[in-house]
Amino acid sequence: MTVPAASAVVHARAPGKINVFLKVGALLDDGYHDVAIAYQAVSLFEEVRVRHADDFSVSLTGSVELGRVPTDPSNIAIRAARLLARTTRYLGGVHIDIEKNVPVAGGMGGGSADAAATLIACDALWRTDLPREQLLALARQLGADVPFAITGGTAIGTGRGDELSPALAKGQFHWVLAVADFGLSTPTVYTELDRHRERHARDIYPADPTPTVDAHVLQALRAGDPHMLAECLHNDLQAPALHLEPSLAETLELGEANGALVGIVSGSGPTVAFLAADLDSALDLQVALSAARLKAVRATGPVHGARLVTD
Ligand SMILES: C[C@](O)(CO)[C@H](O)COP(=O)(O)OP(=O)(O)OC[C@H]1O[C@@H](n2ccc(N)nc2=O)[C@H](O)[C@@H]1O
Ligand SMILES: Nc1ncnc2c1ncn2[C@@H]1O[C@H](COP(=O)(O)OP(=O)(O)OP(=O)(O)O)[C@@H](O)[C@H]1O
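Here the structure is a predicted model, which means the values were calculated and not measured.

About the thresholds
- Residues numbered from 1 in each chain as written.
- Chains lettered and ligands numbered in written order.
- Predicted model: local features only at pLDDT ≥ 70, side-chain atom pairs only at ≥ 80, totals over all residues.
- Core = buried A, V, L, I, M, F, W, Y, C linked by C-beta atoms within 7 Å.
- Buried ≥ 20, exposed ≤ 12 C-beta atoms within 10 Å, placed from the backbone.
- Helix = DSSP H or I, 4+ residues; strand = E, 2+ residues; numbered from the N terminus.
- Contact = placed C-beta atoms within 7 Å.
- Domains from an automatic or database assignment.
- Nonpolar A, V, L, I, M, F, W, Y, C, P; charged D, E, K, R; others polar.
- Near = placed C-beta within 6 Å.

Enquirer: I'd like to hear about the nonpolar core, residue by residue, with values.
Expert: Of all hydrophobic cores here, the largest spans 93 residues; its most connected members are Ala77, Ala116, Leu119, Trp175, Val176 and Phe274. Top element by residues in this core is strand 2 (residues 33-53). It accounts for eleven residues. The residues contacting tryptophan 175, other than those within four sequence positions of it, are Ile18, Val42, Ala273, Phe274, Leu275, Ala276, Arg298, Ala299, Thr300 and Gly301.

Rendered as structure tokens:
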């Protein structure tokens, strides 16, 4: 590998994700829930460029609302860079420039993609060359969705969602994303689910003791068949997200009335992901949602995980 010059910029790109299946099991002692997830990486990418600096800093641009993203050391990209520096005993700093295209606090893993791209980019800039397994271990320390942002494609996540195994997928799925102009906090949505379960004596939303991904989902992904997948999309966090933000029900209805095979809240929301039969239906749906003054973005999946880009 060529040695990056002192003035070098290293560019890495990482994708957002949709949870095509998400079952939430028991609340564990560490505050996390046991989950079973089918992840699909989709073609909304975070572009991260890093260059040598004495300290750690971040700057932001992008196509999404940036107001809710911190630029202080709590930014997950800075946390990722610091973690890598600590682990490898690298003594310098880095400036991280992030072009954000994944909705913020939207349930699509935008911050996780920033963390994944930053790990890969700094590892190249600093020539620390960590083995992939070690990068994945650092990713796991940063957040449950971060390892998947590194691997990308289609994968099953268990445990906290960070124990990954690849899943076979054929073809390309077409999605239209209805992006809300507000965010939802992931822990708040999980807590709302716990409250739901307590309130309803666990009979309406019982916590599965050993959550697993439905075999029909794996079959639909393997077949590359959107009609089959539409039958089995599932998200246990959808009900609590709708409870916290009832307006999402109208968004779901609007998409389904305008040709979507089905709509689902992505992860902890509030982005609603509509699965379309093909590109033409996706374009029609995007027009219909835009006419209703919703921000509608098209994406396809699966796509690759975090990787370096040659500019
Ligand atoms: C909703 C999903 O995006 C689906 O992929 C993930 O489960 C959340 O992943 P994430 O945002 O990377 O989550 P983290 O940053 O690790 O955790 C944020 C908080 O979400 C809750 N959390 C997260 C993952 C999990 N399996 N159980 C949880 O209860 C916990 O309260 C945790 O403190
Ligand atoms: N680089 C970052 N990009 C976005 N948010 C960040 C970042 N660093 C820290 N944050 C904080 O994390 C919160 C969640 O951001 P993010 O966009 O990753 O949410 P999300 O997509 O809902 O996450 P997930 O789907 O992984 O649960 C934001 O509200 C913000 O306060």
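What follows picks up the thread again.
Enquirer: Any details on the domain arrangement of the protein chain? Residues and values, ideally.
Expert: Once the domains are mapped, the protein chain shows domain 1 (9-167) and domain 2 (173-301). Taking only C-alpha atoms, the centre of domain 1 and the centre of domain 2 are 22 Å apart. Listed by partner, the interface residues are 30 residues for domain 1 and 38 residues for domain 2. Breaking the side of domain 1 that touches domain 2 down by element, the ones donating at least two residues are strand 1 (9-27), strand 2 and strand 5 (154-158). Along the lines of polarity and charge, the residues of the side of domain 1 that touches domain 2 split into 19 nonpolar, eight polar and three charged.

Enquirer: Pulling in residues and values, what's your account of the site of ligand 2?
Expert: The full set close to ligand 2 counts 21 residues, and Ile76, Ala105, Gly110, Gly111 and Thr186 are the nearest of them. The leading source of residues in the shell around ligand 2 is helix 2 (residues 110-125), at four residues. Here the residues of the shell around ligand 2 sort into seven nonpolar, eleven polar and three charged. Shared between two domains, the shell around ligand 2 holds at least three residues of each, these being domain 1 (9-167) and domain 2 (173-301).

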